[in-house]
Amino acid sequence: MRVKRVFAEKLFGLFDHSIPLNMDDRVTIIHAPNGFGKTAILRMLDGLFNSRYGELRAFPFATFGVELQDGRTLRVTKGQRTKASHRSKGSARENGHLQLDYDDHPSFDLDGELNRESSHFPLDVIDNMIPSLNRIGPEEWKDEEGYILGLAEVLRKYREFLPKGIIKMAEPPDWFRKLEKQVQVRFIRTDRLVPRSGPSKMSRYERHRHPSPTVTTYSEELASEIGAMLKKYGEVSQALDRTFPVRLMQPSNVPELTKEEIKSRLQELEAKRTRLIESGVLDQERAPSPVPETIDDARAGMLSVYIRDVAEKLSVFDTLATKIDLFRSIINRRFRHKRMIIDKERGILFTTDHNQSLPPASLSSGEQHELVLLYELLFKVHEDLLILIDEPEISLHVAWQEQFLRDLLDMARLSGFDILLATHSPQIISDRWDLTVELEDIRELQETVR
């Protein structure tokens, strides 16, 4: 489900904002002076759809919500809590009662979700059983991505890791569960280079003492994804090879390729294999196979089956290879005196003009920002995902800023995701002011009209 409009009323007690998203171009840019709520809106959107309600409690507002593509509206209303609904002393970040409304569905009380009276248990249980969380307060934890979560958020997000029966929580209504699955949001924050915790198999001590730089984490992720595709490639190859003799002897419903088609397809497959080797997905296992000059009728059927098998095997890599090729193309076009290569075991690597190896963590701040942004936009997206980007211009050279939006529009059209970004940079906007929404001060506008 796509988001059509984002709105906020009395944000910081001052601003009423309405942000229609560009449904055709799929990229919407919000700009305004500092203090008008650009980052706050992105953070609240992320919190609303990713069970981080502390982000909603962190900012004063009267109403916040989204209008969806089907015309329905999800609205969060913040009000004062009564003594009856006041929970025991806990998170100091809570500053209002949160209620969700979704058209004609029953309202959902976010603050009433946790039954504290029947959920008394040592909080050390959370610390011991969820090592990815780091306790930073009496009832506050920081997760792997650096978000601060309250007790209710932790119990809801990680409940499957805790002993059954230890938590008594009101189950969210079906409409809310369904909506959470339909509306997918990913936030690319300004602190995108901040080291994250290491792999989950590490102990808490190791995770917090040796956090991995984001570029290193993504390099390892890419190597892991290539490994998964190679495993799938091996499984498909094994299945096809095992049945090849049988299929070769049985009549096929698929018409045989002509001799000219066979030559053309063999050339295409060899070219595709070469591209996959250059992308770092496949190893150079053998020398290129020459295309036979002549093909007799007896071998045409055999080659037709062989070609279909190879095409099916290599198709396993299609999506990943396309992303890697675009990733390498953009990076190698922009980075000077170094070239990106992809290694199936080590992930992302660079070589300098003097053939010296350079790990991604040794890149400049601007280069790492570019690498992380592009990786997020290529490898962590899916169709109809709403991506939030805060200040993409951070540490980017002006020339890179001017090219950023063009690449972004191409990627959005290619992958079918939507983007809402906040920026101060006219270079990011370039000549596409038609994609912008300016956050304005209603009071100033009213005074101007008078």
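The residue numbering used here restarts from 1 in each chain and proceeds along that chain's sequence as written. Whole-chain, interface and lining totals are the exception, using all residues; otherwise, since this is a predicted model, local features are given only for residues with pLDDT of at least 70 and side-chain atom pairs are given and counted only at 80 or more. Each side-chain value is derived from all of the structure's non-hydrogen atoms; neither hydrogens nor water enter the calculation.

## A look at the sheet that holds strand β12 (residues 338–343)
At step 1: Strands are treated as partners if at least two bridges between them are detected by DSSP. Helix numbering and strand numbering both begin at the N terminus, where a helix is a DSSP run of H or I of at least 4 residues and a strand a DSSP run of E of at least 2. Pairing within the open sheet is antiparallel, and its three strands lie in the order β12-β13-β14. Looking along the sheet, the strands with just one partner apiece sit at the ends: β12 and β14 (357–358).
At step 2: Bridge analysis of strand β13 (residues 347–352) against β14 gives two bridges, and the strand direction is antiparallel. Bridge assignment links Thr351 to a residue of β14, and that residue is Ser357.

## Things to note about the confidence of the model for the chain
At step 1: Per residue, pLDDT captures the predictor's confidence, and it can take any value from 0 to 100. Of all residues in the chain, 82% attain a pLDDT of 70 or more, and the chain-wide mean is 82.
At step 2: By mean pLDDT, helix α6 (residues 204–209) is the weakest element of the chain at 47, and strand β4 (residues 63–68) is the strongest at 96.
At step 3: Note that residues 81–95 has pLDDT below 50 and, in this model, 23 contacts with residues that lie over four places away or in other chains.
At step 4: Two residues qualify as a contact provided that any one of their heavy atoms is within 4.5 Å of a heavy atom in the partner residue. This stretch, residues 198–210, has a pLDDT under 50; its non-local contacts, to residues over four places away or in other chains, come to 19 contacts.

## Some remarks on the pattern of salt bridges
At step 1: In what follows, salt bridge is the name for a side-chain nitrogen of Lys or Arg lying within 4 Å of a carboxyl oxygen of Asp or Glu. Counted according to the given criterion, the structure contains 27 salt bridges.
At step 2: Between Asp16 and Lys10 there is a salt bridge whose closest N-O contact spans 3.3 Å.
At step 3: Relative accessibility decides the category of a residue: with a 1.4 Å probe and only protein chains considered, values under 20% of the type maximum give buried, values over 50% give exposed, and everything between is partly exposed. Overall, the relative accessible area of 32% leaves Asp16 in the partly exposed class.
At step 4: With a relative accessible area of 41%, Lys10 lands in the partly exposed category.
At step 5: Across the pair Asp407 and Arg333 runs a salt bridge, and its minimum N-O distance is 3.8 Å. One end of the pair, Asp407, is in helix α12 (residues 398–415); the other, Arg333, is in helix α10 (residues 318–334), with 74 residues separating them in the sequence.
At step 6: Note on Asp407: relative accessible area 7%, which makes it buried.
At step 7: Note on Arg333: relative accessible area 51%, which makes it exposed.
At step 8: Linked through salt bridges whose partners overlap, the residues forming this network are Arg2, Arg26, Asp384 and Asp418.

## Some remarks on the pairing of β12
At step 1: Here β12 shows a buried face lined by Lys338, Met340 and Ile342 and an unburied face lined by Arg339, Ile341 and Asp343.
At step 2: Of the pairings in the sheet, the one linking β12 to β13 comprises six bridges and is antiparallel in character. Paired with Arg339 across the two strands is Thr351, which belongs to β13.
At step 3: Counted along the chain from β12 to the antiparallel partner β13, the turn is three residues long.

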